Amino acid sequence: MKNKLRVLIVGRIHYCFLSYKIVITLSFLSAFFPFTGYAQEDVKRDTTVAMKEVTVTARSEIRKLRESAMPISVIGQRQLQGTASNINDVLARTVGVTVRNTGGLGSASRISLRGLEGKRMGMYVDETPMSQLSNFVALNDIPTNMIERIEVYKGIVPYKFGGSALGGAVNVVTKEYPPVYLDFSYELGSFNTHQVSTVFKRTDKKSGLQFGIGGAFSFSKNNYKMTLGNLDNRTVERDHDKFNKIMAGMSVKATKWWFDEMKFELIFLKTRQELQGIDLDVREAYNHSISGVAALTLKRKDFFLDGLDLDFDIGYVVGKYGLHDTAMNRYDWDGNVLPPVSPFGGEQNNFPSDGHNRSNELTSKLNMGYTIDMHHSVNFNAYFDRNSLRPNDPLMDKALGFKSNFPSKMNTLTLGWSYDLTLFDGRFQNAFTFKNFIFSSHSRSIDVYSVREPEPVKISKSYVGFSDAMRYKFTEDLMLKASFNSEVRIPTSEELIGNGYSILASPALKPERTSGVNIGMLYRHLKKHGGLVEIELNGFYNQLKDMIRFTPDMIPTMARYRNFGSVRTVGVEFEAKGDVLPMLYLYANATYQDLRDVRKLTPGTTVENPTYNKRIPNIPYLLANFGAEFHKENLFGGKEQNTRVLFDASYVHKYFYDFEVSRYQDKKIPAALTMDAAVEHSFGNDRWTLTFKVKNLTNRRVVSEFNRPLPGRYIGFKVRYLLK
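Residues numbered from 1 in each chain as written. Predicted model: local features only at pLDDT ≥ 70, side-chain atom pairs only at ≥ 80, totals over all residues. Heavy atoms only, no water.

## Considering the overall build of the protein chain
Here is step 1 of the chain: Broken down by element type, the protein chain carries six helices and 45 strands.
Here is step 2 of the chain: By the burial criterion, 52% of the 724 residues in the protein chain qualify as buried.
Here is step 3 of the chain: Long-range contacts, defined here as pairs at least 24 residues apart, represent 64% of the contacts in the protein chain between residues at least 6 apart.
Here is step 4 of the chain: Accessible area for the protein chain stands at about 32,800 Å²; split by element, carbon and sulfur atoms hold 59% of it. (Helix = DSSP H or I, 4+ residues; strand = E, 2+ residues; numbered from the N terminus. Buried < 20%, exposed > 50% of the residue type's maximum accessible area, 1.4 Å probe, protein only. Contact = heavy atoms within 4.5 Å. Areas by Shrake-Rupley, 256 points an atom, 1.4 Å probe, with all protein chains shown as cover.)

## A short note on the sheet that holds strand β14 (residues 168-174)
Here is step 1 of the chain: In spatial order, the strands read β7-β13-β14-β11-β12; together these five strands make up an open sheet with mixed pairing. At either margin of the open sheet sits one strand with a lone partner, and together these are β7 (72-75) and β12 (128-129).
Here is step 2 of the chain: In this structure, β7 lies alongside strand β13 (residues 147-154), joined through four bridges in antiparallel fashion. Bridge pairing in β13 places S73 opposite V152. (Pairing = 2+ DSSP bridges.)

## Some points on the confidence of the model for the protein chain
The predicted coordinates should not be examined in detail at positions where pLDDT is low.
Here is step 1 of the chain: Considering every residue of the protein chain, the mean pLDDT works out to 82; 85% of them sit at 70 or more.
Here is step 2 of the chain: Low pLDDT, under 50, characterises residues 1-41; the predicted model gives this stretch 131 contacts beyond four residues in sequence or across chains.
Here is step 3 of the chain: Confidence drops under pLDDT 50 across residues 43-59; counting only partners more than four residues distant or on other chains, this segment forms 66 contacts. (pLDDT = per-residue confidence, 0-100.)

## A short note on the nonpolar core
Across soluble globular proteins, nonpolar side chains show a tendency to be buried alongside one another.
Here is step 1 of the chain: Membership of the largest hydrophobic core comes to 28 residues, with the highest contact counts inside it found for I87, L91, L139 and I150.
Here is step 2 of the chain: Secondary-structure elements contributing two or more residues to this core are α4 (87-91), β8 (97-101), β9 (109-113), β11 (121-125), β13, β14 and β23 (308-325).
Here is step 3 of the chain: Core analysis: the second largest hydrophobic core is formed by 14 residues, V74, I156, V157 and A169 among them. (Core = buried A, V, L, I, M, F, W, Y, C linked by side-chain atoms within 4.5 Å.)

## Details of the packing of aromatic side chains
Here is step 1 of the chain: For the structure on display, the rule yields 17 aromatic pairs.
Here is step 2 of the chain: When the centroid spacing of 5.4 Å and the interplanar angle of 90° are considered together, the rings of Y153 and F161 count as edge-to-face.
Here is step 3 of the chain: Classification of Y153 by relative accessible area gives buried; the value is 3%.
Here is step 4 of the chain: For the pair W688 and Y721, a centre-to-centre distance of 4.7 Å together with 55° between the ring planes defines the contact as tilted. You can see W688 sitting in strand β44 (residues 688-695) and its partner Y721 sitting in strand β45 (residues 714-723), a full 33 residues away along the chain.
Here is step 5 of the chain: An aromatic cluster of three or more residues is present, and its members are W258, F259, F303 and F304.
Here is step 6 of the chain: It is R272 that lies over the ring of Y286; its NZ or CZ is 3.9 Å from the centre.
Here is step 7 of the chain: Across the ring face of Y331, the terminal group of R283 is positioned such that the distance to the ring centre comes to 3.7 Å. (Phe/Tyr/Trp six-rings, centres within 6.5 Å; stacked < 30°, edge-to-face > 60°. Lys NZ or Arg CZ within 6 Å of the ring centre and 35° of its normal.)

## Quick notes on the environment of D477
Here is step 1 of the chain: Here D477 is to be found in the loop between β31 (455-473) and β32 (478-489).
Here is step 2 of the chain: Note: C-alpha distance between D477 and Y523 (46 residues apart in sequence) is 5.4 Å.
Here is step 3 of the chain: What D477 contacts, discounting residues up to four positions off in sequence, is L522, Y523, R524 and H525.

## So, the pairing of strand β21 (residues 261-274)
In regular strands, side chains alternate between the two faces of the sheet.
Here is step 1 of the chain: As paired elements, strand β20 (residues 243-254) and β21 share 12 bridges and run antiparallel to each other. Within the sheet, the bridge partner assigned to A248 lies in β21 and is F268.
Here is step 2 of the chain: Hairpin connection between β20 and β21: a loop of six residues separates the two successive antiparallel strands.
Here is step 3 of the chain: Of the pairings in the sheet, the one linking β21 to strand β22 (residues 286-300) comprises 14 bridges and is antiparallel in character. Residue pairing across strands places K263 opposite T297, the latter belonging to β22.

## Topic: the pattern of salt bridges
Here is step 1 of the chain: Tallying each qualifying case throughout the model produces 30 salt bridges.
Here is step 2 of the chain: E67 is paired through a salt bridge with R524; the nearest N and O atoms lie 3.7 Å apart. Note that E67 is positioned in the loop between α2 (61-66) and β7 and R524 in strand β33 (residues 512-526), a separation of 457 residues in sequence.
Here is step 3 of the chain: Take R524: its relative accessible area is 1%, and that puts it in the buried class.
Here is step 4 of the chain: One salt bridge in this structure joins D309 and K301, with 3.8 Å as the shortest N-O distance.
Here is step 5 of the chain: Residue classification places D309 among the partly exposed positions, given a relative accessible area of 27%. (Salt bridge = Lys/Arg side-chain N within 4 Å of Asp/Glu carboxyl O.)

## Structural notes on the side chain of T611
Here is step 1 of the chain: As for its position among the elements, T611 is in the loop between β38 (584-597) and β39 (622-633).
Here is step 2 of the chain: With a relative accessible area of 8%, T611 lands in the buried category.
Here is step 3 of the chain: Within polar-contact distance, the side chain of T611 engages the side chain of N609 at 3.0 Å. (Polar contact = N/O pair within 3.5 Å; in protein donor to acceptor, adjacent residues only side chain to side chain.)

## Topic: the sheet that holds β8
Hydrogen bonds between backbone groups are what pair the strands of a sheet, and the pairing can be parallel or antiparallel.
Here is step 1 of the chain: Strand order across the open sheet formed by three strands is β8-β9-β10, with antiparallel pairing between neighbours. Strands with a single pairing partner mark the edges of an open sheet, and in this sheet they are β8 and β10 (116-117).
Here is step 2 of the chain: Where β9 lies against β10, two bridges are found, and the strand directions are antiparallel. By the bridge assignment for β10, L113 is matched with L116.

## So, the side chain of D676
Here is step 1 of the chain: Relative to the assigned elements, D676 resides in strand β43 (residues 672-683).
Here is step 2 of the chain: In this structure D676 comes out as buried when scored by relative accessible area, which is 10%.
Here is step 3 of the chain: One polar contact links D676 to R93, side chain to side chain, over a distance of 3.1 Å.

## Some thoughts on unusual backbone geometry
Here is step 1 of the chain: A positive phi is found at D546, a non-glycine position, where the angle reads about 55°.
Here is step 2 of the chain: Within the fold, D546 resides in the loop between β34 (532-545) and β35 (548-552).

See below:
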């Protein structure tokens with residue numbers, strides 16, 4: 001180039017937001033002053049790189065996601081800190097999302113999006129499905145310090161993710177690290193809770209190799225007070241709910257080889273969780289698991305062809321897990337000794353257990369995107385999953401009197417083709433996706449009316465689905481979004497082939513199908529002082545067919561999954577948030593979701609369904625959240641310090657945990673209004689951060705599904721050290 005080289009030396013970079021694009025400035029940094037509102041992660045200030053008169057521009061990743069055609073909520077790093085202790089805390093405040101916890105730290109939980117929950121939700125880490133790995137690790141186990149952002153997709157799952165899901169998807173995006181990075185945090189809290197996480201990354205500039213190690217440890221006795229509604233509202237302390245989990249991992253990433261990125265990872269996980277009794281005082285039973293993960297990622301832009309991008313992942317998960325329940329005595333809450341559930345022992349279910357089950361899973365995902373020109377692009381995605389299970393529980397077989405454990409395997413292949421169209425200088429976007437779902441399984445099934453040696457069952461099926469999402473920008477601030485989907489969710493291996501012991505195979509099980517529509521308006525305005533104001537309104541409709549539910553079987557102690565029928569959802573959600581003042585951020589959201597049973601007849605009969613058009617039980621239908629943050633630099637003098645004061649409130653309206661067939665129905669989950677608060681202070685330019693938080697500020701009695709008591713007031717203190 002003939003132009004002279006111009007070098008800009010800038011004394012400081014201000015993260016204040018002035019326009020639609022991020023422009024990156026090459027500079028010498030003599031100081032670093034962040035704008036402390038949430039907008040800093042969303043739309044970053046225009047800064048400039050001028051080298052040989054060439055200006056490089058890029059757009060905030062969060063803003064690009066929010067302005068995409070799909071209905072989506074994006075949670076940035078600042079929302080991951082503060083009052084939140086984990087991912088579930090953050091998701092619970094997101095519009096349209098409900099988190100169904102059953103207890104304290106480590107307890108079972110399900111994420112519900114617009115009323116569709118559990119296995120209908122796609123769970124992803126860096127766009128890779130968790131699949132069977134979710135049996136050993138939950139999204140909630142990932143330390144918030146390691147997360148760049150969380151993406152919550154509603155209704156439509158992006159084509160590049162792979163797999164099958166109906167209700168939407170949660171994608172956790174982990175951080176990209178600078179050449180030298182150390183992050184360590186320790187939180188001490190109520191109920192004897194300790195949480196430690198650390199990650200260290202080091203990059204060799206010459207070779208481009210990045211080495212990383214990290215891990216996390218969680219422990220809690222969960223010994224909070226609970227009220228037993230089944231025992232005259234007696235208050236007792238949870239005395240058998242101890243939880244501990246260890247996670248450790250290492251990675252090697254190359255960025256200067258033929259691939260733009262080649263990363264290899266190894267992860268180890270170990271969990272032990274005691275089982276808390278509600279009806280009886282359980283004293284010995286516990287769940288245990290140990291697993292290992294190996295994964296390889298390959299990425300390459302312009303893969304043998306300009307505009308063709310390759311993204312390939314392959315992983316292998318091996319695990320060992322089971323329930324240990326061999327106690328020879330049971331106890332009620334008065335201390336009276338009761339006989340075990342079987343002559344061979346046991347406190348839970350109707351049989352003892354000493355399981356040492358093994359599972360193996362191979363997953364791979366290939367994503368290839370080709371940009372034809374500035375208006376057109378196409379994408380191909382293939383996701384393959386092979387899962388095998390070998391249960392082993394001789395004690396259960398002995399107690400049942402017949403062999404109930406048997407191996408099984410399942411293969412799943414999902415193929416997706418998509419086409420993206422952009423017109424009118426980027427104001428109009430449309431994304432269309434077509435998917436083909438293919439699966440096969442080999443298992444054994446016990447006859448419903450007799451107990452005998454399980455018979456081999458083989459199945460192979462194929463289904464198709466599609467989705468379309470569009471967006472039109474009337475102005476830079478105002479846009480309309482609309483989407484439609486007709487999707488399929490393939491049954492999980494547990495639903496289709498059982499778990500080999502307590503859950504029977506269901507070879508006749510049909511995949512769930514859904515047809516849904518979402519229409520929404522999004523208004524985003526950048527204020528003069530650099531803050532952001534955002535208002536969004538969405539209306540949605542969904543028809544779920546062949547809903548899969550977990551039901552007891554005619555064979556004692558056994559259960560299996562069955563197709564329930566059809567459920568219709570109609571709802572609306574509203575959210576407003578923004579930096580109302582340079583030092584004050586506010587947000588509020590509300591969701592109304594009405595799920596109804598639309599089966600006119602009782603399945604398999606000509607009898608009218610008594611619950612026709614009744615609200616689906618055990619699902620909240622009215623939710624709201626509100627929060628505020630005050631932030632100021634150097635509030636107490638000094639320099640390179642920042643203070644945040646945070647407040648969050650959540651409201652869940654009362655709902656029934658059985659069908660409301662009578663106005664005298666009294667089985668209700670009561671309304672709950674919970675409030676959290678925190679004070680966070682960082683100094684040394686964010687090198688040290690101290691956080692004091694109080695959850696459930698008023699110590700309100702809160703229960704979850706089926707009136708399971710949740711923790712009361714939690715007080716925690718967290719210290720974090722960051723070197724980068």
